[in-house]
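Spelled out, the chains give:
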There are 2 protein chains.
Amino acid sequence: MPGNRPLLSNAAAPLTHEVDILDERGRVSTIHIPAERPLTVYVDKRELVTLMTLGGAPEALTLGYLRNQRLVKSLEEIESVQVDWAVEAVAVKTRNGIANVEERTAKRVVTTGCGQGSVFGGLMDEVDSIALDPDARLRQSTLYRIVDTIRTQQSIYKQAGSVHGCALFSADGDLIHFVEDVGRHNAVDAIAGKMWLDGMGGADKVFYTTGRLTSEMVIKGAQMGIPFLLSRSGTTQMGHMVAERVGMSLLARCSGKHFLLLTGKERMVFEPALLEDARRLA
Amino acid sequence: MPGNRPLLSNAAAPLTHEVDILDERGRVSTIHIPAERPLTVYVDKRELVTLMTLGGAPEALTLGYLRNQRLVKSLEEIESVQVDWAVEAVAVKTRNGIANVEERTAKRVVTTGCGQGSVFGGLMDEVDSIALDPDARLRQSTLYRIVDTIRTQQSIYKQAGSVHGCALFSADGDLIHFVEDVGRHNAVDAIAGKMWLDGMGGADKVFYTTGRLTSEMVIKGAQMGIPFLLSRSGTTQMGHMVAERVGMSLLARCSGKHFLLLTGKERMVFEPALLEDARRLA
């Protein structure tokens, strides 16, 4: 645990909402849909950004957003994070302010990511300074355990759909954090915030997302120092390119016993019995 | 066609890329993944934003982005749109410049949308000024025709996955435009750009997206004046709320003969024979 843990609110908000629908049979029924609400981030009373979020982990989301945007380098810089849904805002108080925040938030990249679509400048510049642990390994059986853990996880997605889930796992496949949000970039930021609060590094972790492995997701995973990025979905050319540059192992289309290992292939530990099963089932 | 059509480049870029993968059987194969590339938008030599895009319709994307961000009110204001992939940039030349672009691009909302995640301020303020045609109607048979047209459409998605598709249909269900991008917000902006170039209004159109019906998608559809927004995916509480405020008909989970009519229910024309079929199949 870091020494000066910031003072955090614990603002809960309803995560689903009931609406009446008419279906193809002309039948009325009630379904659940996920919440989506604005959260305007104020840093030392200065308005920074408005995030559209499910609202499940607003304090961790705010911390992770500031971390992944490289606006705050260490948790010690932050004195408090206070969410007030009544005004749809979160007030962040820093100990010493953020140096030239104006210019650092000026450049705008609108990414392909769901959710936190806007990345302030220079992320790609950082990529070349990142090198993930070449000795990290992921066993085929651990991958299967992770996919099965996600499959059986209680979730807003199962209840209401239309959210993305992100999860942090240990190298042995133990679930550490699971966060859902209307945008997968909020979910990854919230996990980054939780890792910060836990004083936890990424080198011995595995990251899972239900969303696509676009460039921004790969960059965020790399910034968090995580060598393995898994998705039930696919990837893009730039996500693939960035993963190769930072030495990240990308695994797409992870479902049941199926996966596509795209980059960092040397890190995957195939297991003879499981290879045998897969070949027999094929 | 508007009188002063801007001079447009016609910059093509490869939309897919081949990569080698290892699967669960330890087998090497080659798959296609969609391109993802930065496109930095310069307006009158001033850098505005960098969009991450598939690259299939960069000129229309740029026009639609400027339109949907409310930075340009009419196509006549634009003299030329020149994309140069060699420098990953598009140069937009306006006839009279954009008034106080600095302040109009200062406020930032990071939305839940895939793709164009950043909306410059004040979109929600506009919502209350929008009222969509209450007399527009969509027949159940037309909805099914639209869903079937999308199902059979040639697409990057079928070849490489990991892209969103958006389509514009006539009130009779004729396909007018189909655009895919790594982010659905790019796809909707590209269609807004194409509608501008065609001098086409939205009142008698139907909009389809493969992506979720989040607040930003609903706001964009409303800005384009389109009374019907369809998705194979779901919606969020704020998407639902905005649709009710602007009087838009939202249809989610459109697949085969199934759909969920969420808002603007009076606009849907159920057809006895189709209701009968649906009840018999249920």
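Note that residues are indexed from 1 along each chain, following the sequence as it is written. Whichever chain is written first becomes A and whichever ligand is written first becomes 1, with later ones labelled in order. The predicted origin of the model limits local features to residues at a pLDDT of at least 70 and limits the giving and counting of side-chain atom pairs to 80 or more, whereas totals for whole chains, interfaces and linings rest on all residues. Calculated side-chain values reflect all of the structure's heavy atoms, with hydrogen atoms and water omitted.

In this section: the overall build of chain A. Of the regular secondary structure elements, chain A holds 9 helices and 17 strands. Here chain A has a C-alpha radius of gyration of 19 Å; the compact-globule value for 282 residues is 19 Å, and the two agree. Judged by the C-alpha coordinates and their principal axes, chain A covers about 60 × 60 × 35 Å. Any residue under 20% of the maximum accessible area for its type is buried, any over 50% is exposed, and the rest in between are partly exposed; the area is computed with a 1.4 Å probe on protein chains only. Classification of the 282 residues of chain A by burial places 60% in the buried group. Accessible surface for chain A amounts to roughly 10600 Å². Of this, 50% is attributable to carbon and sulfur atoms. Comment: elements are numbered from the N terminus, with helices defined as DSSP H or I runs of at least four residues and strands as E runs of at least two. What the globule rule says is 2.2 Å times the number of residues to the power 0.38, and the radius of gyration is computed from C-alpha atoms. Computed with the Shrake-Rupley method and a 1.4 Å probe, the accessible areas treat only the protein chains shown as cover for residues.

This next bit is on the sheet that holds strand S12 (residues 175–181) of chain A. Taken together, the 8 strands give an open sheet; going across it, the order is S12(A)-S11(A)-S13(A)-S14(A)-S15(A)-S16(A)-S2(B)-S3(B), and neighbouring strands pair in mixed fashion. The sheet terminates laterally at S12 of chain A together with strand S3 (28–34) of chain B, the two strands that pair on one side only. Strand-to-strand, the axes of this sheet are offset by a mean angle of 30°, without reference to chain direction. When DSSP finds two or more bridges between a pair of strands, those strands are recorded as paired. By the bridge criterion, 7 bridges tie strand S2 (residues 16–23) of chain B to S3 of chain B in an arrangement that is antiparallel. Across the sheet, Ile21 of chain B pairs through a bridge with Ser29 of chain B, a residue of S3 of chain B. Every axis corresponds to a line fitted to the C-alpha atoms, with the helix fit spanning only the stretch in contact, and the corresponding angles, defined between N-to-C directions, vary from 0 to 180 degrees.

Residue and element names in this part refer to chain A. At their nearest, the axes of helix H6 (residues 184–198) and helix H7 (residues 215–223) sit 11 Å apart, and the two run at 0° to each other. With respect to their mutual orientation, H6 and H7 come out roughly parallel. Here Arg184, His185, Val188 and Asp189 of H6 lie close against H7, whose contacting residues are Glu216, Met217 and Lys220. Side-chain classes are defined by residue name, with Ala, Val, Leu, Ile, Met, Phe, Trp, Tyr, Cys and Pro counting as nonpolar, Asp, Glu, Lys and Arg as charged, and the others, Gly among them, as polar. For the contact of H6 with H7, the per-class residue count stands at 2 nonpolar, 1 polar and 4 charged. An angle counts as roughly parallel when it lies under 35 degrees, as roughly antiparallel when it exceeds 145, as roughly perpendicular when it falls between 65 and 115, and as oblique in every other case. The contact definition used throughout considers only heavy atoms, calling two residues in contact when any of these lie within 4.5 Å.

A positive phi angle, near 60°, is found at Arg70 of chain B, a position not held by glycine. Topologically, Arg70 of chain B is positioned in the loop between helix H1 (58–68) and strand S6 (78–84).

Strands pair in a sheet through their backbones, by hydrogen bonds, and they do so in one of two ways: parallel or antiparallel. In spatial order, the strands read S3(A)-S2(A)-S16(B)-S15(B)-S14(B)-S13(B)-S11(B)-S12(B); together these 8 strands make up an open sheet with mixed pairing. Every other strand in the sheet has two partners, leaving strand S3 (28–34) of chain A together with strand S12 (175–181) of chain B as the edge strands with one partner each. The average angle at which neighbouring strand axes cross in this sheet is 30°, direction not considered. Running over the sheet, helix H6 (residues 184–198) of chain B touches strand S11 (164–170), S12 and strand S13 (205–209) of chain B and is turned about 145° from S12 of chain B.

The subject of this paragraph is the pattern of salt bridges. Residue and element names in this part refer to chain A. Throughout this description, the term salt bridge denotes a Lys or Arg side-chain nitrogen within 4 Å of a carboxyl oxygen of Asp or Glu. Tallied over the entire structure, the rule returns 20 salt bridges over all chains. In this structure, Arg27 and Asp23 form a salt bridge, with 2.6 Å as the shortest nitrogen-oxygen distance. Taking the shortest distance from any N to any O, the salt bridge between Asp148 and Arg151 comes out at 2.5 Å. Of the two residues, Asp148 and Arg151 are both situated in helix H4 (residues 140–152); the distance of 3 residues between them amounts to about one turn of the helix. Sharing partners across several salt bridges, the network here consists of Asp189, Glu216 and Lys220.

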